[in-house]
Amino acid sequence: MTSHIPKRLAILLLVLLLVLASFPLWGKLVFAAKFTFLLQKVTGIMILALLAMSLDLLVGSAGLVSLGHAAFFGLGGYMLALASPQYDAASLWVALPAALAVTAAASLVVGFLSIRTSGIYFIMVTLAFGQMGYFFFNDSKLAGGSDGATIYVKPTVAAFGVTLIDLDSKLSFFYVVLGALVASYALLRMLLASPFGRVVSAIGVNESRVQGLGFNPMLYKLVAFTIAGTLAGLAGFLAATQYGYVNPAMLGWHQSGHVLVMVILGGMGTLFGPVLGAFILELAHHLFESLTDHWLLPMGAMIIAIVLLLPKGVAGLLIKWTTEKEDGP
Amino acid sequence: MDSWFFLIQVLNGIQYGLLLFLVASGLTLIFGIMGIINLAHGAFYMLGAYLAYWLAGMTGSLIAAVLLSLPIAALVGYVIEALLVRTLYRRDHLDQVLLTYGLILIFNEAQRILWGNDVHGVAMPTALAWSVKLTETLSYPAYRLLLSAVCAVLAVAMYLVIAKTRFGMWVRAGASNRDMVAALGINVKLLFGVVFAVGAALAGLAGAISTPISSVAPGMGDSVLILCFVVVVIGGVGSVKGAFFGAILIGLADTFGKVFVPDFASFTVYGIMAAVLLWKPKGLFA
């Protein structure tokens, strides 16, 4: 719902983006031996950040709390697995549009059925559809069942036989994912600033009034749901490319819940908040895990502390800080 | 398939449904009265099971263990309500989701620290380890019948308390209009604390008495939690009657799903929920 980002905050976010984008440069010096591992780790976090950001369009803007969002993430990943010949590479020009088209269609259908409900019922209906997706891939023999499926060769990005980007290179892939994240952010920002986005945000605040003004909230919600689902499919496609492996857990409610936590923790309705949430949650996980076997304990304590101390998430705190400074003498 | 086999499945389904009802009734009351989405409710189920396993090992009697674990689960519930949940009544539902999600992590880790990662089993009390003979080859374990009976008695008791007593009147009033109840001078803080503790105790009891027929394992609270949310939503949030019928429905669907379509057993439960909500978007009894 935050359409206006304070100038200082914008600068801070830009600096953070530069730090992230230059990670391959400084990371090699700081972490030396662990660098390759961390590069993959950060790439993985950016994919989750993209997923969290797409969910924020639903949770933060339209007020639709989905607990089945990971289904589209997993579906996007599975589409790559299904589009790849067993020991050969799929072409990105075929696999990616196919994955996006299928996730868009799936989210259109699920959205059409789910948006009739609201509140906790919406949470549960999306959970039900998400679990159905999970069990579909878990129980059917379509793509390896509960074992998942391996993508042996990464998709090629080529034009006229010339390789444009080598997705096998961890460095190139890092920038591909960063590009996808930034582009999606820009797309969602523009979308929310457009008349369409205004109506979606207004639905999140007061749906009856939007209806009273002569709009059809269902249509707007459905379009928002489909866009969010398709972006989640993109994130899933990237995740499958990175790990070369998909399994049913990608679609499950644990994954959906995990991403929802990122959105709330980071600060919903801000788009950049969920990205911060993804980084905080994943880096804290990594840190706590390296310190203690019982890493869930500090993790749970951290989440509870953030709820109690920061009612609007991390982004809320940043917005407050930067706004106060602007208003100050 | 003969009718005896069918009967056994019906009994299993009802027994599972009644067990789910014990957990789901607390969940629906806590949501209906206090407006709290408590993701940590499944953790009380797990707590009850682990306490029963631990205390049964110490005392040598499952019945003593179950009776001892009840007040402990209630106390843990009351303390959590007083320390953490109380701060969330005026906050957004999503803050509650996040905080209780943090609680799940802490509960799961505490379980790992206290009792480790192993899967445990609890022996059936010898006095109850017999079966009711149905035919030459088929029999039904007495413990499952007793379990159903205990749950059924509790369900009736819960109905009587809610429908006939003053406390039940507050609970019903709280579920339909919280602010009005507070305005009428009823100690809402205490009411909420008691409801939360009773909900925790019921979930803990369900976990404790189910130990002889299912294993005590890490993560057992999570799967029960999701099923109970399904039950609560099918019945209509806040409705104990709805939770009862929802629980029986899901218990039967899950049991029969495992028999007839083993590959898609879990699918049936979610399929039923989706169908119910598309038919009645606010549950059956809302």
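Our structure's up above, just so we're on the same page.
Residues numbered from 1 in each chain as written. Chains lettered and ligands numbered in written order. Predicted model: local features only at pLDDT ≥ 70, side-chain atom pairs only at ≥ 80, totals over all residues.

Draft legend 1. Molecular detail of the overall build of chain A. Scanning chain A from terminus to terminus reveals 14 helices and 4 strands. Computed over the C-alpha atoms, the radius of gyration of chain A is 20 Å, within 12% of the 20 Å expected from 2.2 N^0.38 for a compact globule of 329 residues. Dimensions of chain A, computed from the C-alpha atoms along their principal axes, are close to 60 × 50 × 45 Å. The proportion of buried residues among the 329 residues of chain A is 49%. Considering only contacts in chain A between residues 6 or more positions apart, those separated by 24 or more positions represent 77%. (Helix = DSSP H or I, 4+ residues; strand = E, 2+ residues; numbered from the N terminus. Rg over C-alpha atoms; globule rule 2.2 N^0.38 Å. Buried ≥ 20, exposed ≤ 12 C-beta atoms within 10 Å, placed from the backbone. Contact = placed C-beta atoms within 7 Å.)

Draft legend 2. Seen up close, the overall build of chain B. Scanning chain B from N- to C-terminus turns up 11 helices and 2 strands. Taken from N to C terminus, the helices and strands of chain B fall in the order α-α-α-α-β-β-α-α-α-α-α-α-α. Rg of the C-alpha trace for chain B: 19 Å, near the compact-globule value of 19 Å for 286 residues, within the 12% margin. Reported as C-alpha extents along the three principal axes, the dimensions of chain B are approximately 65 × 50 × 35 Å. For chain B, buried positions account for 49% of its 286 residues. Pairs at least 24 residues apart make up 76% of the contacts formed inside chain B by residues separated by at least 6 positions.

Draft legend 3. Layout of the interface of chain A and chain B. Facing the 30 residues of chain A at the interface are 34 residues of chain B. Put simply, the parts of the chain that give the side of chain A that touches chain B at least two residues each are α6 (120–139), α11 (253–266) and α13 (296–309) of chain A. No other element matches the 10 residues that α6(A) contributes to the side of chain A that touches chain B. In terms of residue class, the side of chain A that touches chain B is made up of 23 nonpolar, 5 polar and 2 charged. (Nonpolar A, V, L, I, M, F, W, Y, C, P; charged D, E, K, R; others polar.)

Draft legend 4. How the structure looks around helix α12 (residues 272–291) of chain A. The end-to-end C-alpha distance of α12(A) is 29 Å, a good match for the 28 Å that 20 residues give at a rise of 1.5 Å each. All of the buried residues along α12(A) are F272(A), G273(A), P274(A), V275(A), L276(A), G277(A), A278(A), F279(A) and L281(A). (Expected span 1.5 Å × (residues − 1).)

Draft legend 5. Summary view of the pairing of strand β3 (residues 162–165) of chain A. Residue and element names in this part refer to chain A. Here strand β2 (residues 157–159) runs beside β3; their pairing, made up of 3 bridges, is antiparallel. Within β3, the residue paired with A159 across the bridge is V162. Between the end of β2 and the start of β3, which pair antiparallel, lie 2 residues, with F160 showing a positive phi angle near 50°. (Pairing = 2+ DSSP bridges.)

Draft legend 6. Here's a closer look at unusual backbone geometry. Residues and elements named next belong to chain A. With phi around 45°, A32 is a residue other than glycine that occupies positive phi space. Looking at the secondary structure, you find A32 in the loop between α2 (23–31) and α3 (35–62). Positive phi, normally seen in glycine, also occurs at L271, with a value near 65°. In this fold, L271 is placed in the loop between α11 and α12. When the 26 C-beta atoms within 10 Å are taken as the criterion, L271 is described as buried.

Draft legend 7. Fine view of the nonpolar core. Ranked by size, the top nonpolar core spans 205 residues in total, and within it M124(A) and M273(B) carry the most contacts. With 15 residues, the top contributor of residues to this core is α3(A). For M273(B), the residues in contact, after removing those within four places along its chain, are M124(A), A128(A), V230(B), V233(B) and I234(B). (Core = buried A, V, L, I, M, F, W, Y, C linked by C-beta atoms within 7 Å.)

Draft legend 8. Structural detail: the packing of α3(A) against α12(A). Residues and elements named next belong to chain A. Between α3 and α12, whose axes approach to 8 Å, the crossing angle comes to 140°. One element, α3, and the other, α12, form an angle in the oblique class. As for the relative orientation of α3 and α12, their crossing is right-handed in sense. Here K41, I45, L48, A49, A52, M53, L55 and D56 of α3 lie close against α12, whose contacting residues are P274, V275, G277, A278, F279, E282 and H286. Within the contact of α3 with α12, the residues separate by chemical class into 10 nonpolar, 2 polar and 3 charged. (Axes fitted to C-alpha atoms, helices over the stretch in contact; angles between N-to-C directions. Parallel < 35°, antiparallel > 145°, perpendicular 65-115°, else oblique. Left-handed = near helix turned anticlockwise from the far one by under 90°.)

Draft legend 9. Molecular detail of the environment of A202(A). Turning to its location among the elements, A202(A) is positioned in helix α8 (residues 195–205). Among the residues examined, A202(A) registers 20 C-beta atoms within 10 Å and is labelled buried.

Draft legend 10. Region of the structure containing the environment of F44(B). Residues and elements named next belong to chain B. Positionally, F44 belongs in helix α2 (residues 41–59). When the C-alpha atoms of F44 and F107 are compared, they prove to be 8.9 Å apart, with 63 residues separating the residues in sequence. Contact partners of F44, with chain neighbours within four places excluded, come to A73, G77, A200, A203 and G204.

Draft legend 11. Representation of the packing of helix α7 (residues 170–193) of chain A against α8(A). Residue and element names in this part refer to chain A. Between α7 and α8, whose axes approach to 4 Å, the crossing angle comes to 80°. With respect to their mutual orientation, α7 and α8 come out roughly perpendicular. Of the residues in α8, those touching α7 at L191, L192 and A193 are F196, G197 and S201. Residues of the contact of α7 with α8, tallied by class, amount to 4 nonpolar, 2 polar and no charged.

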